Amino acid sequence: DTVDAVLIDNVVAAYDAVSHLIANGYRRIGVVTGTSTSTTGRDRLRGYHDALRDAGLPRDPLLERQGAFRQDVAEQLTGQLLQAVPDIDALFTATNRLTMGALRAIQTRGLSIPDDLGLVGFDEVPWVTPGSCPLTTVAQPSYEIGAAAASRLMHRMQHPEGAVRQEIVLAHRLIVRESSRPARRGAMS
């Protein structure tokens, strides 16, 4: 593979998101992520699994949903998840499109974040509905990713014969907001 990559460590980022939910008292944490054919989907699911394992929480396949990185797919998957696991108390969504679909499914069922369900998403959600709470998200350094990618492209153009593949891993940030406040036990019962 000769293509450069500028990215974050998706395993660690997902791990941090799910560990944050666990630290705030959530125990039945669902995940909506991309397909296992996608590196991003695989890595973020692995981070979810690693966080559960390290916290001593069991993996429950009923809590896991994978599909295309599309809002309509996430809405359908989240609806299935909420139907199959009535005692779910939190949700981790692996992209902002998945978060938007999940929010629609949650709202359709008359549930609210964070009163009924904690939520941590990935990347900022470009819109919020009136009355919704601020969402905890994993933020990628978009500007820095673009600048590093442009720098690598310029280097390759200036030195095409000696260019060696480079992978640049930048730091993510977990931006904690109201959607993942400490769990209220028994909220979903």
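Residues numbered from 1 in each chain as written. Predicted model: local features only at pLDDT ≥ 70, side-chain atom pairs only at ≥ 80, totals over all residues. Heavy atoms only, no water.

Caption draft 1: Geometry of the sheet that holds strand 6 (residues 136-139). Strand order in the open sheet made by the six strands is 3-2-4-5-6-8, with mixed pairing throughout. Only two strands of the sheet have a single partner each, and these edge strands are strand 3 (64-67) and strand 8 (173-175). Put simply, the sheet's adjacent strands are angled 15 degrees from each other on average, direction ignored. Two elements, strand 5 (residues 118-122) and strand 6, share three bridges in a ladder whose sense is parallel. Residue pairing in the sheet places G121 in a bridge with T137 of strand 6. (Pairing = 2+ DSSP bridges. Helix = DSSP H or I, 4+ residues; strand = E, 2+ residues; numbered from the N terminus. Axes fitted to C-alpha atoms, helices over the stretch in contact; angles between N-to-C directions.)

Caption draft 2: Fine view of the nonpolar core. Within the largest apolar cluster, 42 residues are counted, with the highest numbers of intra-cluster contacts made by V18, I29, Y48 and F92. Looking at this core, the elements with two or more residues in it are helix 1 (10-23), strand 2 (29-34), helix 2 (39-54), helix 3 (71-84), strand 4 (90-93), helix 4 (96-108) and strand 5. Per element, the largest residue contribution to this core is six residues, and it comes from helix 1. If near-sequence neighbours (up to four positions away) are discounted, V18 is found in contact with I29, Y48, A51, L52 and F92. (Core = buried A, V, L, I, M, F, W, Y, C linked by side-chain atoms within 4.5 Å. Buried < 20%, exposed > 50% of the residue type's maximum accessible area, 1.4 Å probe, protein only. Contact = heavy atoms within 4.5 Å.)

Caption draft 3: Structural context of the packing of helix 3 against helix 4. As a packed pair, helix 3 and helix 4 sit with axes 7 Å apart at the nearest point and diverge in direction by 45 degrees. If you check the angle between helix 3 and helix 4, you find them oblique. Between helix 3 and helix 4 lies a crossing whose hand is right-handed. Side by side, helix 3 and helix 4 meet where Q71, A74, E75, T78, G79 and L82 of the first sit next to R97, L98, M100, G101, A102, R104, A105, I106 and T108 of the second. Grouping the constituent residues of the contact of helix 3 with helix 4 by class yields seven nonpolar, five polar and three charged. (Parallel < 35°, antiparallel > 145°, perpendicular 65-115°, else oblique. Left-handed = near helix turned anticlockwise from the far one by under 90°. Nonpolar A, V, L, I, M, F, W, Y, C, P; charged D, E, K, R; others polar.)

Caption draft 4: Spotlight on helix 1. Taking 1.5 Å of rise per residue, 14 residues should cover 20 Å, and helix 1 covers 20 Å from first to last C-alpha, within 8% of that figure. Those residues of helix 1 not exposed but buried are N10, V11, A13, A14, A17, V18, H20, L21 and I22. Its side-chain oxygen 3.1 Å from the backbone nitrogen of V11, D9 forms the N-cap of helix 1. Backbone geometry just downstream of helix 1 places G25 in the positive-phi region, at approximately 95 degrees. (Expected span 1.5 Å × (residues − 1). Polar contact = N/O pair within 3.5 Å; in protein donor to acceptor, adjacent residues only side chain to side chain.)

Caption draft 5: The arrangement of a nonpolar patch on the surface in detail. On the surface, L153, M154 and M157 cluster together into a nonpolar patch covering about 320 Å² of accessible area. Mapped onto the fold, L153 is located in helix 5 (residues 142-158). (Patch = residues over 30% accessible without salt bridge, like charges linked within 9 Å, V, L, I, M, F, W, Y side chains within 5 Å. Areas by Shrake-Rupley, 256 points an atom, 1.4 Å probe, with all protein chains shown as cover. Salt bridge = Lys/Arg side-chain N within 4 Å of Asp/Glu carboxyl O.)

Caption draft 6: A look at the packing of aromatic side chains. Under the defined criterion, the tally for this structure stands at one aromatic pair. If you follow R44 out to its NZ or CZ, it ends over the ring of F122, 3.4 Å from the centre. (Phe/Tyr/Trp six-rings, centres within 6.5 Å; stacked < 30°, edge-to-face > 60°. Lys NZ or Arg CZ within 6 Å of the ring centre and 35° of its normal.)

Caption draft 7: Just the environment of Q71, in detail. By the secondary structure assignment, Q71 is in helix 3. Exposure remark for Q71: the relative accessible area of 22% places this residue in the partly exposed category. Residues Q71 and P141, 70 residues apart in the sequence, show an inter-C-alpha distance of 23 Å.

None of the figures reported here should be taken as evidence of function without further support.
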